[in-house]
Amino acid sequence: MKIIADSAIPFLRGVLEPFAEVEYLPGTAISAADVRNADALVIRTRTRCDEKLLADSRVKLIATATIGFDHIDTAWCAAHGIEVTTAAGCNARGVLQWVGAALVHLSRTQGWQPAERTLGIVGVGHVGSLVKAYAEGWGFRVVCCDPPREERERCGFRTLEEVAREADILTFHTPLDASTRHMADSRLFGLMKPGAILINSSRGEVVDGEALLRSGLGWALDVWEHEPHLDPALLENALLATPHIAGYSEQGKANATAMSVASLARRFGLPLEGWYPPQAAPARRRPISWQELCRTIGGAYDIASESRSLKERPGDFESMRDHYAYRREYF
Ligand SMILES: NC(=O)c1ccc[n+]([C@@H]2O[C@H](COP(=O)([O-])OP(=O)(O)OC[C@H]3O[C@@H](n4cnc5c(N)ncnc54)[C@H](O)[C@@H]3O)[C@@H](O)[C@H]2O)c1
Ligand SMILES: O=C(O)[C@H](O)[C@H](O)COP(=O)(O)O
């Protein structure tokens, strides 16, 4: 059996070698020639998996060590018998920590307290649910929009327009698909309060960047249209700008690798069920008050200095990601 794996997936080396030939390649460099004789791929968001890559291959499984899977043509894969698995929820707490750090930074620089702000959440899945629970605990008034969940569960969520009108801060946690591409556009921005802030840590294409520039809103972005080629004006004027690392926690990466290994174990009958990277420190999970968050977040994650680095060296977008010191989750 042959497996092609993205060389930037941590904790993976040595795990599959007893059972397969494993070739590690940079995600952006994985080509049709590389995958031709592969049975499985273990990838990240940097490998576009479509007909062009896969048509001549014998690949049976693609395990992406990420939550998002918009880099995979799932319809083409399904039609050609290729199973796709994702690492659902793996790094949701990393994104929660990033959102927490962003909110603390904004409250300090703009001089408000959570009780004075309404936080709108668009997409209330693994990430959005955590943000909702913690933000309510921190004292924000929270309003949510998630039409697919509302349809299924009747949980009292609001429409996108209602949430946009009410929010002082609007944060996006949806997948990227046909229903969400540019869902944040000039029409939506026109409904928002003057001076409101948009936070995006989902996918860059969920927000129309050109319209955002003209919106009069403030913005804090982890994800960008056309990564790694950022719009200079969007970057320069961002309240916070980070290089798509919201989910880059040590535990999130360990979860992602473990979930990918579990997919391979199940699909190919490898004796690796329940495997988890032994070197990854376990997460400590507990509630954290706004006061404690404000006191401790700087020591765990200095989002403002990361933002300054990206603004000074936007050309380093991918290398900042590749050499990231994965953050420790602590709440
Ligand atoms: N920046 C990062 O590092 C990072 C890390 C993890 C995930 N992400 C992105 O965040 C996304 C969300 O992650 P998740 O784990 O919460 O995913 P999830 O699938 O658990 O939740 C997504 C939620 O969005 C809802 N949704 C779908 N279409 C919608 C629409 N049109 N309007 C409103 N809500 C809609 C779904 O019903 C679901 O509840 C991922 O798809 C990924 O693209 C980014
Ligand atoms: O979807 C996800 O899980 C995130 O966007 C993820 O953090 C991106 O990670 P990468 O592809 O850089 O490993």
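Everything here concerns the structure above.
Procedures and definitions
Residues numbered from 1 in each chain as written. Chains lettered and ligands numbered in written order. Predicted model: local features only at pLDDT ≥ 70, side-chain atom pairs only at ≥ 80, totals over all residues. Heavy atoms only, no water. 1 Å grid on protein atoms, 1.4 Å probe; cavity = no way out; pocket = protein on both sides within 12 Å on 5 of 7 lines; lining within 4 Å. Points joined across faces, edges and corners; volume = space filled by probe spheres on them. Nonpolar A, V, L, I, M, F, W, Y, C, P; charged D, E, K, R; others polar. Phe/Tyr/Trp six-rings, centres within 6.5 Å; stacked < 30°, edge-to-face > 60°. Helix = DSSP H or I, 4+ residues; strand = E, 2+ residues; numbered from the N terminus. Buried < 20%, exposed > 50% of the residue type's maximum accessible area, 1.4 Å probe, protein only. Lys NZ or Arg CZ within 6 Å of the ring centre and 35° of its normal. Domains from an automatic or database assignment.

Student: Provide a residue-level description of empty space enclosed by the protein, including the pertinent values.
Tutor: One water molecule sets the probe size; rolling that probe over the atoms shows where empty space is left. Applying the stated criterion across every chain yields a total of two cavities of 30 Å³ or more. As a volume, the largest cavity reaches approximately 50 Å³. Residue lining of the largest cavity: Asn 200, Gly 204, Val 207, Gly 209, Leu 221, Val 223, Trp 224, Glu 225 and Leu 234, and that is the complete set. Among the residues forming the lining of the largest cavity, the class breakdown is five nonpolar, three polar and one charged. If you add up the space inside the second largest cavity, you get close to 30 Å³. Around the second largest cavity sit Ile 9, Pro 10, Arg 44, Ala 65, Lys 253, Ala 256 and Thr 257, which together line it. Here the residues of the lining of the second largest cavity are counted per class, giving four nonpolar, one polar and two charged.

Student: Hey, could you go over the packing of aromatic side chains for me, with residue numbers and the actual values?
Tutor: Scanning the entire structure with this criterion turns up nine aromatic pairs. Arranged with centres 5.9 Å apart and planes meeting at 75°, the rings of Trp 112 and Phe 140 form a pair that is edge-to-face. Taken together, the residues Trp 112 in the loop between helix 4 (92-110) and strand 6 (118-122) and Phe 140 in the loop between helix 5 (126-138) and strand 7 (141-145) connect sequence positions 28 residues apart. Considered together, Trp 112 and Phe 140 belong to a single accessibility category, that of buried residues. Members of the aromatic cluster, each reached through a chain of ring pairs, are Trp 112, Tyr 134, Trp 138, Phe 140, Trp 290, Tyr 330 and Phe 331. When the ring centre of Phe 268 is taken as origin, the NZ or CZ atom of Arg 267, which lies over that ring, is 5.5 Å away.

Student: Describe the layout of surface pockets, with residues and values.
Tutor: The space that makes up the largest pocket amounts to roughly 1,000 Å³. In this structure, the largest pocket is lined by 47 residues; those nearest its centre are Ile 67, Gly 68, His 173, Thr 174 and Pro 175. Residue contributions to the lining of the largest pocket peak at four residues, all from helix 6 (residues 147-153). Composition of the lining of the largest pocket by domain shows at least three residues from each of domain 1 (2-86) and domain 2 (92-247 + 296-322). Of the volumes computed, that of the second largest pocket is approximately 410 Å³. If you trace the second largest pocket, you find 17 residues lining it, with Thr 45, Arg 46, Asp 70, Glu 205 and Glu 227 closest to the centre. Considering only residue class, the lining of the second largest pocket consists of three nonpolar, six polar and eight charged. No fewer than three residues from each of domain 1 (2-86) and domain 2 (92-247 + 296-322) sit in the lining of the second largest pocket.

Without other data, these values stay purely geometric and don't point to any function.
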